[in-house]
Amino acid sequence: MTLDIQKVTAHIGARVSGVDISQPLAQDTVAALREALNAHKALVFDDVHLDDAGQEAFARHFGDLTTAHPTVPSVAGAPNVLPVDSEQGRANHWHTDVTFVLNPPQASTLRSITLPPYGGETLITSSAAAYRQLPQPLRELADTLWAEHTNDYDYAVPVEDIDEDKAAQRAQFTSIKFRTAHPVVRVHPLTGERGLFIGGFAQRIVGLSVGESRKILDLLQSYVTRPENILRHRWSPNQLVLFDNRITQHCAVDNYDGLPRRLNRVTVAGDVPVGIEGKESYAIEGDASHYTPVAIPLAA
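What this report covers is the structure whose coordinates are included nearby. For clarity, every value in this text was computed on a predicted model and none was experimentally measured. (Residues numbered from 1 in each chain as written. Predicted model: local features only at pLDDT ≥ 70, side-chain atom pairs only at ≥ 80, totals over all residues. Heavy atoms only, no water.)

**Describing the overall build of the protein**
Quick note on the threshold: For helices the rule is a DSSP run of H or I covering at least 4 residues; for strands it is a run of E covering at least 2, with both sets numbered from the N terminus onward. Each radius of gyration reported is based on C-alpha atoms, and the globular scaling rule is 2.2 Å times the count of residues to the power 0.38. Each residue is placed in one exposure class: buried if its accessible area under a 1.4 Å probe, protein chains only, is under 20% of its type's maximum, exposed if it is over 50%, and partly exposed if it falls in between. Under the convention used here, a 1.4 Å probe and the Shrake-Rupley method define accessible areas, while residue burial counts only the protein chains that appear.
Along the protein, the regular secondary structure elements total 6 helices and 16 strands. Its C-alpha radius of gyration of 18 Å places the protein within 12% of the 19 Å reference for a compact globule of 300 residues. Across its three principal axes, the protein shows a C-alpha extent of roughly 55 × 45 × 35 Å. The buried share of the protein, reckoned over its 300 residues, is 50%. Accessible area of the protein: about 13000 Å², with a carbon and sulfur share of 52%.

So this is what it looks like as structure tokens:
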């Protein structure tokens, strides 16, 4: 088969055909997909026929897997698979997966399971494009900053909307509290690109008050969510999306009137983020060793 990679937008996204990802992949095919992921940040695969084990097997081509989540239960009998189910909460906020741990996943795969008849898109944005677009004074400021990321805040549901079920979901999500300091500008270990490593779990700039932090984080985030940086993916049956969690953010659009929506997620273990001066992230609270091994990245 001949691998065909078609760019979708200027800054992010490509559609991949000519490969059957339900089968074991040759090393040169994996290398080509990795190169495409480095270039395009998010890859869309149509007409895939995978079960949970097949999704896990595909993701393993890119490294060791994490378990489903540090605190949220997996699919029954599949400890590496997280059900992203609208009935269990809606992550309609911009975030990078699990940045509250020391080494967040390097890559995420999402597979369509149950789709509403309309809406329910996943937005994925390039934090590398956002960094490039910063005016020089803002870029120089961002280069110096570190941010604390935590799971101990209500990221999906306004307080006034929390009922008994949502309170139980929140208690599960925060059953282990994590706080980790990451560089606001992360250097990608394979490409050397710089990207804004913030998103919804970033709650405070190290050394600043919460109020001061929010102003700066919101300003930087406004570049991440520029429309030209976003891939708006409209789901179809039998699709899989692979995205680089080290240099993207994503958001699930809640525009489907509460109808059933479910994707299954499998994530690939990542390395410890590094800032532009070579300093690594550091944990403040919480041990995620039950969730993920630490990947050792290749040099850029």
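**Here we look at the environment of Ser 74**
Which entries qualify depends on this criterion: Contacts are assigned to residue pairs with any non-hydrogen atoms lying within 4.5 Å of each other. Polar contacts here mean pairs of N or O atoms no more than 3.5 Å apart (in protein, one a potential hydrogen donor and the other a potential acceptor; neighbouring residues in sequence count only if both atoms are side-chain atoms).
You can see Ser 74 is positioned in the loop between helix H2 (52-60) and strand E4 (82-85). By relative accessible area, which is 29% here, Ser 74 ends up partly exposed. C-alpha separation for the pair Ser 74 and Ile 124, spaced 50 residues apart in sequence, amounts to 23 Å. When residues no more than four places from it in sequence are discounted, the contact partners of Ser 74 are Ala 68, Pro 79, Val 81 and Pro 83. Only 3.3 Å separates the side chain of Ser 74 from the backbone oxygen of Ala 78, close enough to count as a polar contact.

**Describing the sheet that holds strand E8 (residues 179-183)**
Paired through their backbone hydrogen bonds, the strands of a sheet run either parallel or antiparallel. Rules: For two strands to count as paired, DSSP must find a minimum of two bridges between them. Whenever a helix is involved, its axis is fitted only over the stretch in contact; in every case the axis is a line through C-alpha atoms, and angles between N-to-C directions fall within 0 to 180 degrees.
Across the sheet, 4 strands lie side by side as E11-E7-E8-E16; this open sheet has antiparallel pairing. Strands with a single pairing partner mark the edges of an open sheet, and in this sheet they are strand E11 (202-205) and strand E16 (282-285). The sheet shows a mean angle of 30° between the axes of neighbouring strands, taken without regard to direction. Across 3 bridges, strand E7 (residues 146-150) lies against E11 in antiparallel orientation. From the neighbouring strand, His 149 faces E11, where its bridge partner is Ala 202.

**Regarding a nonpolar patch on the surface**
Applied cut-off: Candidates for patches are residues over 30% relative accessible area with no salt bridge; among them, like charges are joined within 9 Å and nonpolar side chains (Val, Leu, Ile, Met, Phe, Trp, Tyr) within 5 Å. Within this document, salt bridges are pairs made up of a side-chain nitrogen of Lys or Arg and a carboxyl oxygen of Asp or Glu, the two lying within 4 Å of each other.
Together, Val 206, Tyr 282 and Ile 284 make up a nonpolar patch on the protein surface, roughly 210 Å² of accessible area in all. Residue classification places Val 206 among the partly exposed positions, given a relative accessible area of 34%.

**Quick notes on the sheet that holds strand E6 (residues 122-126)**
Spatial strand order, E12-E6-E14: 3 strands in an open sheet with antiparallel pairing. Taken across any chain shown, the strands that pair with only one partner, and hence form the sheet edges, are strand E12 (230-233) and strand E14 (248-252). Going from strand to strand, the sheet's axes swing by 20° on average, the running direction of each strand aside. Here 5 bridges tie E6 to E14, and the two strands are oriented antiparallel to one another. Of the residues in E14, the one forming a bridge with Thr 125 is Gln 249.

**Overview of the pattern of salt bridges**
If you walk through the whole model with that rule in mind, you get 15 salt bridges. A salt bridge links Asp 52 to Arg 111; its shortest N-O distance comes to 2.4 Å. Here Asp 52 is found in helix H2, whereas its partner Arg 111 is found in strand E5 (residues 107-114), with 59 residues between them in sequence. A relative accessible area of 7% places Arg 111 in the buried class.

**Here's the deal with helix H1 (residues 27-40)**
The test is simple: To estimate the expected span of a helix, count its residues, drop one, and scale the result by 1.5 Å.
Helix length check: H1, at 14 residues, gives a terminal C-alpha distance of 20 Å against a target of 20 Å (1.5 Å per residue), a fit within 8%. Within the sequence span of H1, burial applies to Val 30, Leu 33, Arg 34, Ala 36, Leu 37, Asn 38 and His 40. Tucked into the core, H1 has its buried residues touching strand E1 (4-7), strand E2 (14-17), strand E3 (42-45), H2 and strand E13 (240-244). Following H1 by one or two positions, Lys 41 has its phi on the positive side, about 75°.

**What to know about the packing of aromatic side chains**
Formally: Here is the rule: rings of Phe, Tyr and Trp (six-membered ring for Trp) pair when centre to centre is within 6.5 Å. Planes less than 30 degrees apart are stacked, more than 60 are edge-to-face, and the remainder are tilted. Remark: a charge is flagged as sitting over a ring if the NZ atom of Lys or the CZ atom of Arg is within 6 Å of the ring centre and within 35 degrees of the ring normal.
Counted by the stated rule, this structure contains 5 aromatic pairs. Ring geometry for Phe 45 and Phe 58: centres 5.5 Å apart, planes at 75°, overall edge-to-face. With Phe 45 in strand E3 and Phe 58 in helix H2, the pair connects residues that are 13 residues apart, well separated along the chain. In this structure, Phe 45 and Phe 58 share a single accessibility class: buried. On the basis of an interplanar angle of 75° and a centroid distance of 5.5 Å, the ring pair of Phe 58 and Phe 62 is categorised as edge-to-face. Both residues of the pair, Phe 58 and Phe 62, count as buried. Taking the ring centre of Tyr 131 as reference, the NZ or CZ of Arg 139 above it sits at 6.0 Å. One residue, Lys 279, lies across the ring of Trp 146, its end atom 4.8 Å from the ring centre.

**Focus on the pairing of E8**
Among the 5 residues of E8, 4 are classified as buried, and the element is accordingly described as predominantly covered. With 5 bridges connecting them, E7 and E8 associate as antiparallel partners. The residue bridging Ala 147 from the neighbouring strand is His 182, located in E8. Judged from the 3 bridges that link them, E8 and E16 form a sheet pairing that is antiparallel. In the sheet register, Ala 181 faces E16, and the bridge partner there is Tyr 282.

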